[in-house]
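A structural walkthrough
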Amino acid sequence: MREFEADVRMDGDTAVIDMAGLLDRSAETVLTVAFADALDRGTGAIAFNFGEVEYINSTGIALVVGSLAKARTAGRQVRAFGLTPHYREIFTITRLSDFMGIYDDEAAALAD
Amino acid sequence: MAILKRRSKSEPVPEPAAPSVPIGEGVEIPEHDPLHAYLLQAGGPVDLERLDLASASVDALKAAGSVLIVPLISQGELLGTLNLGPRLSDQPYSSDDRRLLSNLAAQVAPAVKVANLVKQQKVETQQRERIEQELRVAALIQQTLLPKELPSPPGWQIDAYYRPARAVGGDFYDFIPLADGRLGFVVGDVTDKGVPAALVMATTRSHLRAAAQRSSTPGAVLADANEILVEEIPPGMFVTCLFGVLDVDSGEVVFANAGHNLPYVRRSGDVIELRATGMPLGLMPGMKYDEVTATLGAGEVMLLSSDGIVEAHGPGGEMFGFETVQSTVGQAPDDDVIGHLLERFDAFVGTDHEPEDDVTLVSIRRAAGAAESAAVFAGSEDAPVILADFAVPSEEGTERRIMERVAEAVEAYGFPADRLERFKTAVAEAAMNAIEHGNDSDPSLDVHVQVKAQHDTITVAIRDEGGGSGPVAAETPDIEAKLAGEQKPRGWGLFLIEKMVDEMRTHDDGTHHVIELVMHRGES
């Protein structure tokens, strides 16, 4: 499994954060920087692309929650796509899915 | 002045009291060179200019500009020399000078000797420690691979005895539960010892377990495993191995053999050898393995063994031998073939015996009758099997390794994919909790993991040294408070564990803290 990577790109108004690798404690710095970048760049929604994320643990969940909190403060909507069924279940159990839109793929995530 | 060690270069330097010309490269004085003996006999400073010796060292020293050589001798050994060039003043070395030099040499020589001894001892100690460390690591690898408990299917008595030679073995054995009440069993022997052998053992065991689930017959299992091992095992190493499947209900045993010792079956006093042959694993691709079938009736025993018992030598140099094993098995009491064989073996090799090879014995015996079955095995149907038992230092990030190891241990148990994912998440979270909270991420503290299987239930116990810190409750984290910034975003671990497994229990004995995760296999 690889180290965490996150890159931001714009798709229209939406800032898409493409992530890959292990989303755990070691991902904190990279994710924080990428998220700050996403907040700066656009004015619309922020979409997390979990497609290449291989593993998420509770620390990773905490990082997502933390990012979500910052987005809410900034009045920005957050979406997610590319989660495996297992991690979609975890997002539901933790109620993250109550506060961010979970979509099947990028097209669906950007359609709204 | 310079100190040179015997058989190493000498580096002359200026003499402090009366400076002389520095000399360049060092000169070796090998033992066979006449100068060596000359210096030993001289016992004091020697004028090179007056020396007439057919010696390569003398020539070299003269060429280097040496005029005076002071040998460093300790306990009759020439440790080195002090080589001096001419005095800057061009005066010859006076007798006072020589006396000073002799005294100096007398002081220096023993010090050099001690330094040499210390260095040599360090090297030897390091070597010894390296070897011991490797043996320790190999033994640890191996310990985690051998079954901690023996299976006890109703109506059967399974015993095993294992004694490695010099703390590290090439022998291994394994029991693999299979579908439909069948039990796979393995005995094997890896060539060589140490960590490479232990790793080959680990990989062989793992591939056999996987092949046992995939392939339908023992011959196919060995052929399957052989194809993979041929690629993976280092050249020159191979594994002898016997793989069989016992049908617990009918008593039928089918097995295939890759160069390992043949099994014996004892029925009413007769002991027969079951012959199936095949090439050891890991040598050549495309091997086929014959299969032999036998049925164990009530009271009958099958004995599997390794080389260590047959090839052991007694004090007179004679081998224990196949015939002795066979006849001893025949004479053994019904329910303790292994014990009887070992008694005979220990008597044969004597008390001073240094084990030459690992001894592995596995016996599979069918209960003599319904009454014995009920009496002996009452309650043992519930005996759990330990699938894994290991400890890992508490380093951040190790929870994933623990998760993978546990997942591998339960491979044969056939969790449906989604339940396996939940199970793995719970294990990783519990391990992370143990590492980071229980053991404060201190790598000198271990997290201990045990995976137990009983009927359709897997229990994983994860233990850390963080006992005494009070009961741990998994409260549902308040996500709204966290999103509003009223709480830290963390604290999801224990909650996730509880949601992912069927049951979570914690125990605290003041020193240790244990999380137990219980997961039923569930429907596919």
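Everything numeric in this text was worked out from a predicted model, so none of it was measured. (Residues numbered from 1 in each chain as written. Chains lettered and ligands numbered in written order. Predicted model: local features only at pLDDT ≥ 70, side-chain atom pairs only at ≥ 80, totals over all residues. Heavy atoms only, no water.)

1. So, the overall build of chain B
Condition: Only DSSP runs of H or I with at least four residues qualify as helices, and only runs of E with at least two residues qualify as strands; both kinds are numbered from the N terminus onward. The classification of residues rests on relative accessible area computed with a 1.4 Å probe and restricted to protein chains. Under 20% of the type maximum is buried, over 50% is exposed, and intermediate values are partly exposed. Only heavy atoms matter for contacts: two residues are in contact if any of them lie within 4.5 Å across the pair. Each accessible area is a Shrake-Rupley estimate made with a 1.4 Å probe; only the visible protein chains count as cover when residues are assessed.
Of regular secondary structure, chain B possesses 13 helices and 18 strands. Split into buried and exposed, the 524 residues of chain B put 49% on the buried side. Considering only contacts in chain B between residues 6 or more positions apart, those separated by 24 or more positions represent 65%. Carbon and sulfur atoms make up 51% of the accessible area of chain B, which amounts to about 24300 Å² in all.

2. A few points about the overall build of chain A
Secondary structure assignment for chain A yields 4 helices and 5 strands. Counting helices and strands in the order they occur from the N terminus, chain A gives β-β-α-β-α-β-α-β-α. Here chain A holds 112 residues, and 53% of them are scored as buried. Taking the contacts inside chain A whose residues are at least 6 apart along the sequence as the reference set, 66% of them involve residues at least 24 apart.

3. Focus: the interface of chain A and chain B
When the parts of a complex come together, some accessible area is lost, and that lost area is often used as the size of the interface. Applied cut-off: Here's the idea: put two parts together, see how much 1.4 Å probe accessible area each one loses, and the total over both is what we call buried area. Salt bridges are defined as contacts in which a side-chain nitrogen from Lys or Arg sits within 4 Å of a carboxyl oxygen from Asp or Glu. We call two N or O atoms a polar contact when they sit within 3.5 Å, provided that within protein one can donate a hydrogen and the other can accept it, with sequence-adjacent residues counted only if both atoms are side-chain atoms. Classification convention: Asp, Glu, Lys, Arg as charged; Ala, Val, Leu, Ile, Met, Phe, Trp, Tyr, Cys, Pro as nonpolar; all other residues, Gly among them, as polar.
Each partner contributes to the interface: chain A provides 23 residues, whereas chain B provides 24 residues. Each partner contributes to the roughly 2000 Å² buried at the junction of chain A and chain B, and carbon and sulfur atoms together form 66% of this total. Between chain A and chain B we count 4 salt bridges in total. Here Arg422 of chain B and Glu89 of chain A are joined by a salt bridge, their closest N and O atoms 3.0 Å apart. Counting across the chain A and chain B interface gives 6 residue pairs in polar contact (both at pLDDT 80 or more). Elements that contribute at least two residues to the side of chain A that touches chain B include exactly α2 (58–73) and α3 (85–93) of chain A. In terms of residue count, the dominant contributor to the side of chain A that touches chain B is α2 of chain A (9 residues). Residues of the side of chain A that touches chain B, tallied by class, amount to 12 nonpolar, 6 polar and 5 charged.

4. Some remarks on the environment of Thr459 of chain B
Residues and elements named next belong to chain B. Summarising the element assignment, Thr459 is placed in strand β16 (residues 457–464). Expressed as a C-alpha distance, the spacing of Thr459 and Glu516, which sit 57 residues apart in the sequence, is 6.6 Å. Discounting residues that sit within four places of it in the chain, Thr459 has contacts with Gln450, Val451, Lys452, Glu516, Leu517 and Val518.

5. Section: the pairing of strand β3 (residues 77–84) of chain B
Residues and elements named next belong to chain B. We count it as follows: A pair of strands is labelled paired if DSSP reports no fewer than 2 bridges between them.
A large share of β3 lies buried, amounting to 7 of its 8 residues. Note that strand β2 (residues 68–74) and β3 share 7 bridges and pair antiparallel. Bridging across to β3, Ser74 finds its partner in Glu77. Hairpin connection between β2 and β3: a loop of 2 residues separates the two successive antiparallel strands, and Gln75 in this loop has a positive phi of roughly 50°.

6. Points about the sheet that holds strand β5 (residues 101–103) of chain A
Residue and element names in this part refer to chain A. Worth spelling out the cut-off: Fitted lines through C-alpha atoms give the axes, limited to the stretch in contact for helices. The angle between two N-to-C directions lies from 0 to 180 degrees.
Read across the open sheet, the 5 strands follow the order β1-β2-β3-β4-β5; overall the sheet is mixed. Each having just a single partner strand, β1 (5–11) and β5 make up the two edges of the open sheet. Shown here is a sheet whose adjacent strand axes are inclined to one another by a mean of 25°, direction ignored.

7. Regarding the packing of α3 of chain A against helix α13 (residues 493–500) of chain B
Here is the rule: Left-handed describes a crossing whose near helix is turned anticlockwise from the far helix by less than a right angle; the clockwise case is right-handed.
As a packed pair, α3 of chain A and α13 of chain B sit with axes 11 Å apart at the nearest point and diverge in direction by 115°. In this structure, the crossing between α3 of chain A and α13 of chain B has a hand that is right-handed. Across from His86, Ile90 and Ile93 of chain A in α3 of chain A, the residues of α13 of chain B making contact are Phe495, Leu496, Lys499 and Met500 of chain B. Looking at the contact of α3 of chain A with α13 of chain B residue by residue, the class counts come to 5 nonpolar, 1 polar and 1 charged.

8. Brief notes about the sheet that holds strand β17 (residues 503–508) of chain B
Residues and elements named next belong to chain B. Pairing is antiparallel in the open sheet, where 5 strands are placed in the order β14-β15-β16-β18-β17. This sheet does not close on itself; its edge strands, each paired only once, are β14 (385–393) and β17. In this sheet, neighbouring strand axes are inclined to one another by 15° on average, regardless of whether the strands run parallel or antiparallel. Where β16 lies against strand β18 (residues 513–520), 8 bridges are found, and the strand directions are antiparallel. Paired with Arg463 across the strands is Val514, a residue of β18. Where helix α10 (residues 399–409) meets the sheet, its contacts fall on β14, β15 (446–454) and β16, and the angle it forms with β14 comes to roughly 165°.

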